[in-house]
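# Survey of secondary and tertiary structure
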Amino acid sequence: SLAQLQESGASRWGMVIGGTNVSVSLPVAFMLQFGEDTVVTAIAIQIPLAKAQFDVTGEQVQVLGPVSLELSRLSRPGKALHVSGLAEPILINLGINASRGVQCGYFDL
């Protein structure tokens, strides 16, 4: 349980998205705010996007490893919880090596 994790001194709870190198790590204190019935849904898309993506200059870019992360209550699956103002960040590791020209971007739905 989350309470047992906190009692053991663990400060983060994490998971690896099956079949990928993508991992997600959340602060235990943050998770405790929502309670034990919190569901973390993480999806990593491992196929190329069908539609070409372009940067602000109009240059086509390659999109690797889009990840969707959603928190909801077990009693209300699919109803996402709103998260803001975290004291510690939610960490998403895409499992790729940084190289010249690689950038990370995000958007909030």
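Report on the accompanying structure. (Residues numbered from 1 in each chain as written. Predicted model: local features only at pLDDT ≥ 70, side-chain atom pairs only at ≥ 80, totals over all residues. Heavy atoms only, no water.)

To continue, consider the nonpolar core. Ranked by size, the top nonpolar core spans twelve residues in total: L2, I17, V22, V24, L26, F30, M31, F34, V40, A42, A44 and L71. Mapped by element, the contributors of at least two residues to this core are β2 (23-27), α2 (28-34) and β3 (38-44). Here I17 is in contact with V22, A42, I43, A44 and V67, once residues within four sequence places are set aside. (Core = buried A, V, L, I, M, F, W, Y, C linked by side-chain atoms within 4.5 Å. Buried < 20%, exposed > 50% of the residue type's maximum accessible area, 1.4 Å probe, protein only. Helix = DSSP H or I, 4+ residues; strand = E, 2+ residues; numbered from the N terminus. Contact = heavy atoms within 4.5 Å.)

Further remarks concern the sheet that holds strand β8 (residues 91-93). Judged by pairing direction, the sheet is antiparallel, and its three strands sit side by side in the order β1-β2-β8 without closing on themselves. In the strand order of this sheet, the two ends are held by β1 (12-16) and β8, each with one partner. The average undirected angle you get between the axes of adjacent strands in this sheet is 15°. Where β2 lies against β8, three bridges are found, and the strand directions are antiparallel. Bridged to S23 within β8 is N93. (Pairing = 2+ DSSP bridges. Axes fitted to C-alpha atoms, helices over the stretch in contact; angles between N-to-C directions.)

Now for the pattern of salt bridges. Counted by the stated rule, this structure contains two salt bridges. For R12, the salt bridge goes to E88, with nearest N and O atoms at 3.6 Å. Remark: E88 occurs in the loop between β7 (76-80) and β8 and R12 occurs in strand β1; sequence separation between them is 76 residues. A residue is classified by how much of its surface remains accessible, and R12, at 23% relative accessible area, is partly exposed. Across the salt bridge formed by D37 and R73, the nearest N and O atoms sit 3.3 Å from each other. A residue pair is termed long-range when its members are at least 10 positions apart, and D37 in the loop between α2 and β3 and R73 in strand β6 (residues 67-73) qualify at 36 residues. (Salt bridge = Lys/Arg side-chain N within 4 Å of Asp/Glu carboxyl O.)

Another aspect to go through is the sheet that holds β7. The three strands are arranged β3-β6-β7 in an open sheet whose pairing can be described as antiparallel. Two strands bound the open sheet, and with one partner strand each, they are β3 and β7. On average, adjacent strands in this sheet sit at an angle of 35° to one another, irrespective of strand direction. Across seven bridges, the pairing between β3 and β6 is antiparallel. Residue pairing in the sheet places T41 in a bridge with E70 of β6.

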